[in-house]
Amino acid sequence: MQKELVSKLIEKAKEVLSNGSAEKVLGWKKGLFEDDITPCVFESAEELEKDFTYDENYCGNLCKYLMKQKGHKTAVFLTPKYVFSLNEMIKENRIKQEEVVVLDLPENTKAEEDRFARVKEIEAMSADERHEFWKKEFSRCIRCNACRDVCPACTCEKCVFDNNNLYTSQKVAQTSFEESLYHIIRAWHVAGRCTDCGECSRVCPEHIPLYLLNRKFIKDINEIYGEYQAGSDLETKPPMLTFKEDDEEV
Ligand code: SF4
Ligand code: SF4
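Because the structure is predicted, anything quoted here is derived from the model rather than measured.

J.: Which residues make up the overall build of the protein chain, and what are the values?
T.: Secondary structure summary: the protein chain contains nine helices and four strands in total. Order of helices (α) and strands (β) in the protein chain, N terminus to C terminus: α-β-β-α-β-α-β-α-α-α-α-α-α. Rg of the C-alpha trace for the protein chain: 20 Å, near the compact-globule value of 18 Å for 250 residues, within the 12% margin. Its C-alpha atoms give the protein chain principal-axis dimensions of roughly 60 × 45 × 40 Å. Among the 250 residues that make up the protein chain, the fraction classed as buried is 24%. Sequence separation of at least 24 residues holds for 69% of the intrachain contacts in the protein chain that already meet a minimum separation of 6.

Right, here's the structure in full:
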């Protein structure tokens, strides 16, 4: 089944290269080990035949890698959920719509009955319990920046956390305050633009449930401004970037 799917994907990729609809294809290549699959840019049928692979357990959202393909018409493999990230990036002028061709991938995650169930459990905790919960989670953070680097909503050319004049750059946090600082800024920075793609949690080597922070913001935004899915289209402005006189004061 997996082999069959990979062959089909290779054929799709070869087709867009041969008919000229894309100059490059963004997909994945085999690594040394089964779980060592790496994002890769392919430019020929030979490269695709030799190295292309796909495994839904190890392949995630490739949108962020499009930032490096500016000026080149690039085909990219995306599941329906990851198309939300693409739309959001186009809307924010991070990439050009006319430079991207989407190659459909089957959805790789199961629909959840209530994606906010765990958020509600945390909301039900006392403030002290919540503080302890997050302090414990953040204490494992090694500040590898993977969650930031992979996030399609985190696309500033200069990031405050890379500023060498600040004591926060490129280092493991020394105190729980520093740990929280990074995570609170990261989560606020993508509030209203996070598509809930899950990539930040997927890549975290410490298995910190970052999606819970993102979903808390999504849940609050839905409750305050009405249901909103970031990246559901190319037109709607995010609630946090618009203002209505009857907006709730929070
Ligand atoms: S990916 Fe995980 S360990 Fe790395 S900076 Fe993010 S939260 Fe910390
Ligand atoms: S789920 Fe994580 S990686 Fe995906 S858009 Fe939201 S913050 Fe970024």
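Read on, since the account is not over.
J.: Could you give an account of the nonpolar core, naming the residues involved and the relevant values?
T.: Soluble, globular proteins show a tendency: their nonpolar side chains are buried together. By size, the foremost hydrophobic cluster in this structure holds 40 residues, and its most contacted members are Val76 and Leu78. Counting only elements with at least two residues in this core, the list comes to α1 (2–18), β1 (24–29), β3 (74–78), α3 (80–91), α5 (127–138), α6 (146–150) and α9 (210–225). With five residues, the top contributor of residues to this core is α3. Shared between two domains, this core holds at least three residues of each, these being domain 1 (2–104) and domain 2 (117–241).

J.: Any chance you could break down the environment of Pro238 for me, citing the residues and the numbers?
T.: Note that Pro238 resides in the segment after α9. With 18 C-beta atoms packed within 10 Å, Pro238 lands in the partly exposed category. For the pair formed by Pro238 and Ile185, sequence separation is 53 residues and the distance between their alpha carbons is 18 Å. Filtering out sequence-adjacent residues up to four positions away, Pro238 remains in contact with Gly192, Arg193 and Ala230.

J.: Requested: an account of the sheet that holds β3, with residues and values cited.
T.: Taken together, four strands build an open sheet; the order of strands is β2-β1-β3-β4 and the sheet is mixed. Either end of the sheet is taken by a strand with one partner, and the two such strands are β2 (38–42) and β4 (100–104). Shown here is a sheet whose adjacent strand axes are inclined to one another by a mean of 35°, direction ignored. In terms of strand pairing, β3 meets β4 through five bridges, oriented parallel. Paired with Leu78 across the bridge in β4 is Asp104.

J.: Give a description of the domain arrangement of the protein chain that names residues and reports values.
T.: If you check the domain split of the protein chain, you get domain 1 (2–104) and domain 2 (117–241). For domain 1 versus domain 2, the separation of C-alpha centres amounts to 26 Å. Each partner contributes residues to the interface: domain 1 has 15 residues there, and domain 2 has 16 residues. For the side of domain 1 that touches domain 2, the class distribution of residues is six nonpolar, four polar and five charged.

J.: Residue-level account of the site of ligand 2, with values.
T.: The immediate surroundings of ligand 2 are formed by 13 residues, with Cys151, Cys194, Cys197, Glu199 and Cys200 found nearest. By residue class, the composition of the shell around ligand 2 is eight nonpolar, three polar and two charged.

J.: Please provide a residue-by-residue account of the site of ligand 1, values included.
T.: Taken together, 13 residues form the shell around ligand 1, and within it Cys141, Cys144, Ala146, Cys147 and Cys204 come nearest. Of the residues that constitute the shell around ligand 1, the class distribution is 10 nonpolar, one polar and two charged.

Basis of the calculations
- Residues numbered from 1 in each chain as written.
- Chains lettered and ligands numbered in written order.
- Predicted model: local features only at pLDDT ≥ 70, side-chain atom pairs only at ≥ 80, totals over all residues.
- Helix = DSSP H or I, 4+ residues; strand = E, 2+ residues; numbered from the N terminus.
- Rg over C-alpha atoms; globule rule 2.2 N^0.38 Å.
- Buried ≥ 20, exposed ≤ 12 C-beta atoms within 10 Å, placed from the backbone.
- Contact = placed C-beta atoms within 7 Å.
- Core = buried A, V, L, I, M, F, W, Y, C linked by C-beta atoms within 7 Å.
- Domains from an automatic or database assignment.
- Pairing = 2+ DSSP bridges.
- Axes fitted to C-alpha atoms, helices over the stretch in contact; angles between N-to-C directions.
- Nonpolar A, V, L, I, M, F, W, Y, C, P; charged D, E, K, R; others polar.
- Near = placed C-beta within 6 Å.

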